[in-house]
Structure formats: structure tokens, C-alpha cells
Amino acid sequence: MAKAKKSKRKKTGGEDPNERVVVRNRKARHEYELIEEVEAGVVLHGSEVKAVRNGDVNIDTAFATVKGGELWLKNLDIGEYAEAGRYNHDRTRDRKLLLRKAQLRKFAEANEQKGLTLVPVDVHIHRGFVKVKLAVARGRKTHDKRQKLRAKEDDRKLREAKRHFVQ
């Protein structure tokens, strides 16, 4: 009789390090009305990948633009990787984003419309690759932000009242 092969994959109780969100742009959901989202790959140098895996990323001021038929991510701040020494990277250089042509055309059209911008929502690792979730966004006015916060507060109070009423 043939023996069944054992899986070489280690079973761990924790999360898979190749599938995780590194950083979220929480401000983006408050400052903008997100219309449509897409996941894009990022072209990075070796020390940048190590720094991203360590979580040394800031996407608060980042945005994407279309230049020369390609999508570029600007102002993404990836901290220096200490062990890289003199082979380290420039922290805020423009980084190329990888999308399919149809997706790129669609988002390029949206980017050209007045009042719309491409905002990174999060940076995550998917199957070992660094990805950025981009959203076509429209800026919110101050009164829109207040209205959203008021509606959120009302929903919270309603849920709490229902919970106390049922018990």
C-alpha cells in the first residue's frame, strides 16, 4: 500500500504573513466619497519591499496620476530599511502601478474628470506581492462630513436603543 503524502505546509494558529493589510488610509473615507476601487501592483526595489513588510509606510498624502499612458503613485512614503545600508531607496520617489490596459483606460478617464482624484485606500500584501487598493474619489465639503458623522451617530444611538429595548 502506498503511503499518503503529508502536507509540507506548516499549520499555524496565526495569520498568513503573505496575506495582510500593512496600512489603511482611514482619512480617505472621511475626506472623500469613494466611487470605485481597484487593486494594483506596485513596482518596488528590494529594500522598499522589506520596509513595507515591516510596516514602515505612510499613505496619508499619497495620490495617483496618469502620466505617459502609465499610472504613477506619488508621495507614498516608505521608510528606509536599516539593514540596506548604502543600497537604500529614496523615501518618496514616484512608483509605477501595474494595471491591465482596460482598467488603466477606465481610471485615466475618471482621473481627467473635474473633481475626481485617485486616492490609495490601503497597502497590503497579497500572495507575497505588495498591492495598493486605489479608489476614484470625489472630495467632500465640510458640511457633507458633518452630515455623515451625524448620520453615523444617529445609527449608533438607534442600535443601542434597540438593544436595550429587546432585553
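Residues numbered from 1 in each chain as written. Predicted model: local features only at pLDDT ≥ 70, side-chain atom pairs only at ≥ 80, totals over all residues. Heavy atoms only, no water.

Q: I would appreciate a short explanation of the overall build of the chain in the present structure.
A: Looking only at helices and strands, one finds four helices and nine strands in the chain. Traced from its N-terminal end to its C-terminal end, the chain shows the element sequence β-α-β-α-β-β-β-β-β-α-β-β-α. In the chain, which comprises 167 residues, the proportion classed as buried is 31%. When contacts within the chain are restricted to residue pairs at least 6 apart in sequence, those whose partners lie at least 24 apart make up 66%. (Helix = DSSP H or I, 4+ residues; strand = E, 2+ residues; numbered from the N terminus. Buried < 20%, exposed > 50% of the residue type's maximum accessible area, 1.4 Å probe, protein only. Contact = heavy atoms within 4.5 Å.)

Q: What am I meant to see in the side chain of Glu-48 here?
A: Here Glu-48 lies in helix α2 (residues 46-53). Within the local environment of Glu-48, its side chain forms a polar contact with the side chain of Arg-93, the two groups lying 2.8 Å apart. Discounting residues that sit within four places of it in the chain, Glu-48 has contacts with Val-43, Ile-78, His-89, Asp-90, Arg-93 and Arg-95. (Polar contact = N/O pair within 3.5 Å; in protein donor to acceptor, adjacent residues only side chain to side chain.)

Q: What exactly am I supposed to notice about the pairing of strand β5 (residues 70-74) here?
A: Remember that side chains alternate between the two faces of the sheet whenever the strand is regular. Bridge count for strand β4 (residues 63-67) against β5 is five bridges, and the pairing is antiparallel. Looking at the pairing, Lys-67 lines up with Glu-70 of β5. A loop of two residues connects β4 with β5, the two strands running antiparallel in sequence, and Gly-68 in this loop sits at a positive phi of about 65°. One ladder, built from three bridges, connects β5 with strand β7 (residues 95-98); its direction is antiparallel. From the neighbouring strand, Leu-73 faces β7, where its bridge partner is Arg-95. (Pairing = 2+ DSSP bridges.)

Q: Before we go on, may I ask you to explain helix α3 (residues 101-112) in this structure?
A: Residue pairs spaced three or four apart in an α-helix point in one direction, given the helix's 3.6 residues per turn. In this model α3 runs 16 Å from its N-terminal to its C-terminal C-alpha over 12 residues, within 8% of the 16 Å that 1.5 Å per residue would give. Those residues of α3 that fall on the buried side of the exposure criterion are Leu-104, Phe-107, Ala-108 and Ala-110. The buried residues of α3 occupy an angular sector of 165° when projected down its axis, which confines them to one face. Every exposed residue of α3 that faces more than 90 degrees away from the buried side is listed here: Lys-101, Ala-102, Arg-105, Glu-109 and Glu-112. Here the buried face of α3 lies against β2 (32-42), β4, β5, β8 (116-126) and β9 (129-139). (Expected span 1.5 Å × (residues − 1). Arc of directions from axis to C-beta.)

Q: Looking at this structure, I do not really get α2. What am I missing?
A: The set of residues buried in α2 consists of Ser-47, Glu-48, Ala-51 and Val-52. Down the axis of α2, the smallest arc covering the buried residues is 140°, so these residues share one side. Check the buried side of α2 and you find it contacts β1 (19-24), β3 (57-58), β6 (77-78), β7, β8 and β9. Looking one or two residues beyond α2, the residue adopting positive phi is Gly-55, at roughly 90°.

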